[in-house]
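Coordinate analysis (summary)
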Amino acid sequence: MNSTIYKSLVEIVGEDYVSDRPEELFTYSKDLGTSEPKWPDYVAVPKSVEELQKIILLANKATIPIVPLGGGLSLAGIALPLHGGILIDMKRMDEIIEVNGKARYALVEAGVSQGKLFAYLRNHHPTLAHSMPDAPPAATIGGNLAIHGQGDLAHPHGFNSDMINGLEVILPTGEICRFGSCSIGSGWFTQHPLPDMAFFLGWGGATGIITKVSLRLFPCKKIRELDMLVVTDEELVPDIFHEITHVGMTEDLVVFSQAIPPMTDRLHHIVANISGDSEEELEFKRRLIYEDRLSKYFEQGTAGIVATSQDLEKPAVTKTADWKKGGGFEYVGSVFPVAAYPELYRKGVEISTRHEIPYTVTGRVIGAGHAIMFSWSYAFNRADPESVRHANEALHETDDLVLEFGGTIWKPAVYGQQIVMKHMDANTLLLMKKLKNMLDPNNIMNPGNWEVA
Amino acid sequence: MTELIFDENKCFACSTYDCLTKCQYMDIDADTAKVEIEKIINQEDSFVLHDCVTCYACEEYCQNGNHPFYLIVRQQEELDLPPLPEPLIKRGVQMGIPFRGEPEIQEIKGPALNLGVFSPLGNMTKGKLFEGLPIISHDPRKMFHYFCQLMYLHYARTSVINQKLPAIIETIAAHKADEVIHFHDECYGTYVSYAPAFGIDVPFKSVHLFEYLYNKLLELKDEIKPLNYKVAYQRPCSSRLSPDKHPFVEKIFDLIGVESVEREYVGENALCCGATIAGQKKKGSRRFTLDLQEKNMNDMKDAGAELCVFNCPACMQTLGKPVAKKGIMPIFMSDLCRLAIGEKTT
């Protein structure tokens, strides 16, 4: 431990917001998944861009790694300090700077939590909503963008990282850059049509730290309800999604199947969020979905309506962590064409069965059926090394499966990153390497992640 | 082999065919009814098997105690004519599988309250009305061991009921309660109507919740303050299996000082909440259900109902929110009774 660095960090953020004490570093050495603990040397919790900038300059000078941490909920070890260094907890940079109701965007600091923005909009701008991820409310806006997250408006509007009107980023060498209309002093209302320089989304913090985000907001209707369908034949899921997305009447479209509880075993539940400012609007939308597009499935007896007009309920994959006792779970996320669902489901059941883990698979439609974010969750008992080993093996087999079946891994862990890069076009990979080297010449920014050999 | 005890001669001798002619969802005259019921008895296809909304009401309409509804459901299964899509049936059947351990059996001296699969509603069984009454099936993790299975009548799956019911009866009987008060009509109907109709032995005495509530209210009569509400009762389908207990609804209302509004869809003419109709295979079922619910709720509203009283949690789940949107407050009967004795409800 270098006492000079500790003292410098204290000078930057104040004594209350820096630590090198084991009992506090311990908390930051783990995430919720199967990853082995990785200890930072220091934790710093800056309040401002200026403080953060000073920490980065300090890290460059000392050539010590920097790892930005949002809510710490990625599960895949992306925000673990693989090579030690300074872990930067972004949670104090949590100001909601501006909400522009007419232009429908929110300018926020990157450490604002999803829950804080949700509550703020509900209380002050009830006609506006952002795309809320399924992660717990403590997940941050910046962290979610750094992994190309998606939320409950993914069907109409795509990935959350497609909803950016502007970014402020601190480069690994300490410069503060802005992208979008804000970069020319024109406000935070659009990312386009300036030259594209968004090298920071999906990099998991390896190319810089996102500090401010202008996030698109969308109309929030007075009534938001949940409907649920069920099918037995997985082959029908893509067809039903195709029919529903044709009319574009839903806000969120999710499918899940899981071994426990028995009610969901070998069945595919399709959850559709429907919203409207009136009962008439809701019923108009339901008529288009059920009578115009899906009636043939009901009449054939191949699909059924489980319930309509229910209160919204977020998918809760975390509950499946209980099925093995010991409270652990981690998943492989992926992005595939929607048509791949049946095969992905079947392979998921196979892998889970092989590792004696009750299977859990989930998919969310992105865009108008352009893709599906598909995940395989593996529960494990934290107190049982054999159970952790099984989950780890299942996760790696699933990473391999994604590439084998022509998909892409979403927020991959290091193993997944490596196999993605192995499959990547050589020129693209070279460009990634050049970008990383150019932006981060001292290789201090979240080292170990997205490292091109 | 469990078999429906059904006397076809009673049907052949029947002159009214009330089972079908009184049906509120199919327009059937006596001549047609005669032809169709004979087809059903002879295990032939009949439009009734396709169009039945499974509201159970024909069990009540039949003057001869001959279980026409159980017959219809059994024949739907025999002829593979389920009213619901196969995935809903599979889901429903799998829902009833216990998966979180065995029930803890504690012997009970005296009566017990059976919550069936409504353990999560345990908070509703508080207060003086339920004081000192031990509850079986209080643990949501174990509640499927107490699941009466009767829901599968909507699924054309008497085979599932008959296969699973004996073990459920055994579990309840193991508590050795003198008598079992069933929180839900469906459970009561299972043990006093369905099981005897299929020759399944039930070694415990069953008590209907409303009969129990009425008697408790009599005991607490001095504490009752008339509520002076105008109420409509949403009669559940399974109440058709115990029509002799239905009068307790009005008796309770009289006792607690609420006025049951005069309306069309009441008593024998009650309309189904629509929970399972909406999902049926028949073309336009969802729209049909919405229209049915609208008709039912407008009837309540036009009659001046301030409250809609439920017994069945499934009816509450289906119609609770819609009636509230109409300005009618949904409430369970047990909660209404608690209000009458000055208790706060959950």
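When its secondary structure is counted, chain B shows 14 helices and eight strands. Its C-alpha atoms give chain B a radius of gyration of 20 Å, within 12% of the compact-globule value 20 Å for 346 residues. For chain B, the C-alpha atoms occupy an extent of roughly 55 × 50 × 40 Å along the three principal directions. By residue count, 50% of the 346 residues in chain B fall in the buried class. Contacts spanning at least 24 positions in sequence make up 73% of the contacts within chain B whose residues lie at least 6 apart.

Moving on: the interface of chain A and chain B. With 21 residues of chain A at the interface, the matching set in chain B holds 18 residues. Elements represented by at least two residues in the side of chain A that touches chain B include exactly strand 12 (223-231), helix 8 (279-300) and strand 15 (303-311) of chain A. When its residues are assigned to classes, the side of chain A that touches chain B shows 12 nonpolar, six polar and three charged.

Our focus in this paragraph is helix 6 (residues 68-78) of chain B. Residues and elements named next belong to chain B. Where burial is concerned, most of helix 6 is hidden: nine out of the 11 residues are buried. Those residues of helix 6 that fall on the buried side of the exposure criterion are Pro-68, Phe-69, Tyr-70, Leu-71, Ile-72, Val-73, Arg-74, Gln-75 and Gln-76. In the segment just after helix 6, Asp-80 is the residue with positive phi, at about 55°.

Next up on the list: the sheet that holds strand 1 (residues 112-114) of chain B. Residue and element names in this part refer to chain B. Reading across from one edge, 2-1-3-4 is the order of the four strands in this open sheet, with parallel pairing throughout. The open sheet terminates on both sides in strands that have one partner only, identified here as strand 2 (135-136) and strand 4 (205-208). With four bridges connecting them, strand 3 (residues 179-182) and strand 4 associate as parallel partners. Counted as the bridge partner of Glu-179 is Lys-205 from strand 4.

Residues and elements named next belong to chain B. What the domain assignment reports for chain B is domain 1 (8-78), domain 2 (88-209) and domain 3 (213-340). For domain 1 and domain 2, the distance between their C-alpha centres works out to 28 Å. In this assembly, eight residues from domain 1 lie in contact with seven residues from domain 2. Considering only residue class, the side of domain 1 that touches domain 2 consists of three nonpolar, three polar and two charged.

Turning our eyes to something else, we now look at unusual backbone geometry. With an omega of 10°, the peptide bond running from His-192 of chain A to Pro-193 of chain A counts as cis. Looking at where Pro-193 of chain A falls in the secondary structure, it is placed in the loop between strand 9 (176-180) and strand 10 (209-216). The linkage connecting Ile-260 of chain A with the following residue, Pro-261 of chain A, adopts the cis geometry, with an omega of 0°. Mapped onto the elements of the fold, Pro-261 of chain A is located in the loop between strand 13 (252-258) and strand 14 (268-276). A positive phi angle, near 50°, is found at Tyr-17 of chain B, a position not held by glycine.

What follows concerns helix 8 of chain A. If you look at helix 8 of chain A, its biggest bend is around 75°, right at Leu-294 of chain A. Along helix 8 of chain A, the positions that sit buried rather than exposed are Leu-282, Lys-285, Arg-286, Ile-289, Tyr-290, Leu-294, Tyr-297 and Phe-298 of chain A. Next to the buried residues of helix 8 of chain A lie strand 12, helix 7 (236-247), strand 14 and strand 15 of chain A together with helix 12 (285-302) of chain B. In the stretch just after helix 8 of chain A, Gly-301 of chain A is the one whose phi turns positive, near 85°.

All names here are of chain A. Pairing is antiparallel in the open sheet, where five strands are placed in the order 5-6-10-8-9. Only two strands of the sheet have a single partner each, and these edge strands are strand 5 (96-100) and strand 9. Recorded for the sheet is a direction-independent mean angle of 10° between the axes of neighbouring strands. Pairing analysis gives five bridges linking strand 8 (residues 164-170) to strand 9, with the strands arranged antiparallel. Across the sheet, Glu-168 pairs through a bridge with Arg-178, a residue of strand 9. Contacts from helix 3 (residues 49-62) reach strand 8, strand 9 and strand 10 within the one sheet, and its direction differs from that of strand 8 by about 45°.

Each value, and the rule that gives it
- Residues numbered from 1 in each chain as written.
- Chains lettered and ligands numbered in written order.
- Predicted model: local features only at pLDDT ≥ 70, side-chain atom pairs only at ≥ 80, totals over all residues.
- Helix = DSSP H or I, 4+ residues; strand = E, 2+ residues; numbered from the N terminus.
- Rg over C-alpha atoms; globule rule 2.2 N^0.38 Å.
- Buried ≥ 20, exposed ≤ 12 C-beta atoms within 10 Å, placed from the backbone.
- Contact = placed C-beta atoms within 7 Å.
- Nonpolar A, V, L, I, M, F, W, Y, C, P; charged D, E, K, R; others polar.
- Pairing = 2+ DSSP bridges.
- Domains from an automatic or database assignment.
- Bend = angle between axes of the 7 residues up to and from the residue.
- Axes fitted to C-alpha atoms, helices over the stretch in contact; angles between N-to-C directions.

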